[in-house]
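The lines below spell out each chain.
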Amino acid sequence: MKNKRCLLQNSEGKRYTCVISTEKDNSEQWKEVFSIQSGYGFTVDCYADRVEIVDYFHGEIRASFRILSAEETNEAVSLLLTPVK
């Protein structure tokens, strides 16, 4: 099974990595990566080049992570953002 190792960069230039499944819904996985739960006013919008955390009560983007790479890997899924040094 192939998964994707994603390298993300936030607006402050900090980089993070995680491994998502290619067989599951991206949006739901990104919600888990960022600990977003339904009913609390936040959601995750996924695009080809970025992931945004959105406050849907106020219609504001609270955080944006640029996807620097998404490479196939045989690594196990890891929905925990890990800082890259």
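See the structure above.
As the structure is a prediction and not an experimental result, all values here were calculated from the model.

**Some remarks on the nonpolar core**
If you look at the biggest cluster of nonpolar residues, it comprises 15 residues, and the most contacted ones within it are Trp30 and Phe34. For this core, the secondary structure elements donating two or more residues are β1 (3-9), β2 (15-21), α1 (26-33), β4 (50-55) and β5 (60-73). With three residues, the top contributor of residues to this core is β2.

**Some thoughts on the pattern of salt bridges**
This model, assessed by the stated rule, comprises seven salt bridges. With its nearest N and O atoms 2.9 Å apart, the salt bridge here joins Asp49 to Arg50. The exposure class of Asp49 is partly exposed, given its relative accessible area of 41%. A residue is classified by how much of its surface remains accessible, and Arg50, at 27% relative accessible area, is partly exposed. The residue Arg62 makes a salt bridge to Glu60 at a minimum N-O spacing of 3.1 Å. Classification of Arg62 as partly exposed rests on a relative accessible area of 47%. What you see here is one network of salt bridges that share partners, running through Asp49, Arg50 and Glu52.

**Details of the packing of aromatic side chains**
A full pass over the atoms with the stated rule returns four aromatic pairs. Consider the rings of Phe34 and Phe65, whose centres lie 4.9 Å apart with planes at 40°: the pair is tilted. Here the residue Phe34 occupies a position in the loop between α1 and β3 (42-46), and Phe65 occupies one in strand β5, the gap between them amounting to 31 residues. A single burial state applies to Phe34 and to Phe65, both of which are buried. In textbook terms, an aromatic cluster arises when at least three aromatic residues are bridged by ring pairs, as seen for Tyr16, Trp30, Phe34 and Phe65.

What counts and how
- Residues numbered from 1 in each chain as written.
- Predicted model: local features only at pLDDT ≥ 70, side-chain atom pairs only at ≥ 80, totals over all residues.
- Heavy atoms only, no water.
- Core = buried A, V, L, I, M, F, W, Y, C linked by side-chain atoms within 4.5 Å.
- Buried < 20%, exposed > 50% of the residue type's maximum accessible area, 1.4 Å probe, protein only.
- Helix = DSSP H or I, 4+ residues; strand = E, 2+ residues; numbered from the N terminus.
- Salt bridge = Lys/Arg side-chain N within 4 Å of Asp/Glu carboxyl O.
- Phe/Tyr/Trp six-rings, centres within 6.5 Å; stacked < 30°, edge-to-face > 60°.

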